Amino acid sequence: MQLEKDLDQKGEKQKEENTRCLNMLGHFGFECLPHQLVNRSLQRGFSFNILCVGETGIGKSTLIDTLFNTNFKDNKSSHFYSNVGLKIQTYELLESNVQLKLTIVKTMGYGDQINKEASYQPIVDYIDAQFEAYLQEELKIKRSFSEYHDSRIHVCLYFISPTGHSLKSLDLLTMKSIHNKVNIIPLIAKADTISKNDLQMFKSKIMRELVSNGIHLYQCPIDDETTAQMNSAMNGLLPFAVVGSMDEVKVGKRMVRGRQYPWGVLQVENENHCDFVKLRDMLLCTNMEDLKEQTHTRHYEHYRCSKLLTMGFTDVGPDNQPVSFQEIYEAKRQEFYDQCQMEEEELKQRFMQRVKEKETAFKEAEKELQDKFEHLKKVQQEETMKLEEERKQLEEEIIGFYKMKTSSETLPAQLCTNLKKDKDRKK
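Within any chain, residue numbers begin from 1 and follow the written order of that chain's sequence. The predicted nature of this model means local features are confined to residues of pLDDT at least 70 and side-chain atom pairs, given and counted, to a pLDDT of 80 or more, with totals for whole chains, interfaces and linings taken over all residues. The side-chain figures draw on all heavy atoms in the structure; neither hydrogens nor water molecules are used.

Asker: What is the right way to read a nonpolar patch on the surface from this model?
Answerer: Here a patch means residues that are over 30% exposed by relative accessible area and free of salt bridges, tied together within 9 Å if like-charged and within 5 Å if nonpolar (Val, Leu, Ile, Met, Phe, Trp, Tyr). Method for areas: the Shrake-Rupley scheme with a 1.4 Å probe, in which residue coverage is limited to the protein chains shown. Any carboxyl oxygen of Asp or Glu that lies within 4 Å of a side-chain nitrogen of Lys or Arg is treated as forming a salt bridge with it. Together, Leu 394, Ile 398, Phe 401 and Tyr 402 give the surface a local cluster of nonpolar side chains, amounting to about 420 Å² of exposed area. We count a stretch as a helix when DSSP gives it H or I for four or more residues in a row; a strand needs E for two or more, and each element gets its number in order from the N terminus. Relative to the helices and strands, Phe 401 is located in helix H10 (residues 325-426).

Below you can see the structure in the form of structure tokens.
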């Protein structure tokens, strides 16, 4: 029996040696789908939109340059803006054949005004405007999302001044106004100005204030086993204490990005010095796609639902039965038509009323003018009659005058004649 087993094993080995093996050169079947998606995404490129909110001079531009290791050559902002504005810049970046269309939106003059009551309004208006633009593109008959530049904000980096005390009222008001519209990641800017112990206390105080005011921050997803531990640690570091710098400083025998101080060197990429590396990993390495997905599925959907409900669209009718978009459209169209008819009828009635009022006013004015005309006509007649009487009287006086003149002219001639006759008689 053992001999037969040995012979069988030898025979199987010979068959295996004589069998020709083919090496797999690629993937077959639907397991190629991920590779197809990767290739298509690489061809199209990626986009990412960042909103930086913070006071002037707090280090927004420096941190963005440090994050992407690129000098974007941004001009320094002034402290003398009368209102809060937004600077929007788009860049085309390339890293290892991966194209990234990066849009950076920065606040200008934020927190510089004496009256800061409406400082957050331009930020809210801009975020809503990008949602509205995307919604209008969705509602078009011929959509072109392949060419459409999605400008919706994927993440808001909110820069907090390193006071070490508490959040400013403007910070709370702004974050409360946008936390349901965008993914907020709070950052303690210029964290090298606070000691380690004070920094931890400052972080705890900020988180307590945010929680007590009901402000929701972006939380990294922990449902993926590969990134759950890392994301959980990142969630515990909020808000990130960051320092930005593009300067290279020599530490030992190597050059590192950091800041040179009289007491030593602060290394930007040293996790013992600041949280910059954690922030970069969170934004660019592990959660960029999740930030974009949260923007679309959560914040944009909330805006879209609110806008459609405001416009009168619903998913179910009065009887809780599904209603098609066509039915809602026809109902809204009929409602709009009826409303237009009603408004048109009201306008007609209002117009007719105005016309009647104008006609009455014109008739009254005409009657008043007619009465005035009759009065003037009567006065004119009286004046004419008076003038006529005066003319007659004047003519009589003229006739009397001429009679007197004639009589006065004939009297001397008669006197002369009488005198001559008297002389003749005497002779």
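On we go from here.
Asker: Could you clarify how one ought to interpret helix H4 (residues 121-138) in this entry?
Answerer: At 3.6 residues per turn, the α-helix brings residues three or four places apart onto the same side. When the terminal C-alpha atoms of H4 are compared, their 26 Å separation across 18 residues agrees well with the 26 Å that a helix rising 1.5 Å per residue should span. When a residue's accessible area, from a 1.4 Å probe over protein chains only, is under 20% of the maximum for its type it is buried; when over 50% it is exposed; and in between it is partly exposed. Three or more residues of H4 are buried, namely Ile 123, Val 124, Tyr 126, Ile 127, Asp 128, Gln 130, Phe 131, Glu 132, Tyr 134, Leu 135 and Glu 137. Contacts were defined at the residue level, with two residues in contact if any of their heavy atoms lie within 4.5 Å. The inward-facing, buried residues of H4 contact strand S1 (46-53), strand S2 (85-95), strand S3 (98-108), helix H5 (169-178) and helix H9 (288-311). The span you would expect from a helix comes to 1.5 Å times its residue count less one.

Asker: Can you walk me through the sheet that holds S3 in this structure?
Answerer: Strands belonging to one sheet form pairs held by backbone hydrogen bonds; the direction of such a pair is parallel or antiparallel. Read across the open sheet, the 6 strands follow the order S2-S3-S1-S4-S5-S6; overall the sheet is mixed. The open sheet is flanked by S2 and strand S6 (240-241), the only strands paired with a single partner. Pairing between strands is defined by DSSP: at least two bridges between the two strands are required. As paired strands, S1 and S3 are joined by 7 bridges and run parallel to one another. Residue pairing for S3: Asn 49 is matched across the bridge by Thr 103. Docked against the sheet, H5 engages strand S4 (155-160) and strand S5 (184-188), running at close to 170° with respect to S4. Axis definition: a line fit to C-alpha positions, over the contact stretch in the case of helices; interaxial angles, taken between N-to-C directions, run 0 to 180 degrees.

Asker: Which parts of the structure should I look at to understand a negative patch on the surface?
Answerer: The sign given to each residue is positive for Lys and Arg and negative for Asp and Glu; His and the chain ends receive no count. By convention, the point assigned to a charge is CZ for Arg, NZ for Lys, CD for Glu and CG for Asp. The grouping of Glu 364, Glu 368, Asp 371 and Glu 374 at the surface amounts to a negative patch. Mapped onto the secondary structure, Asp 371 falls in helix H10. Take Asp 371: its relative accessible area is 46%, and that puts it in the partly exposed class.

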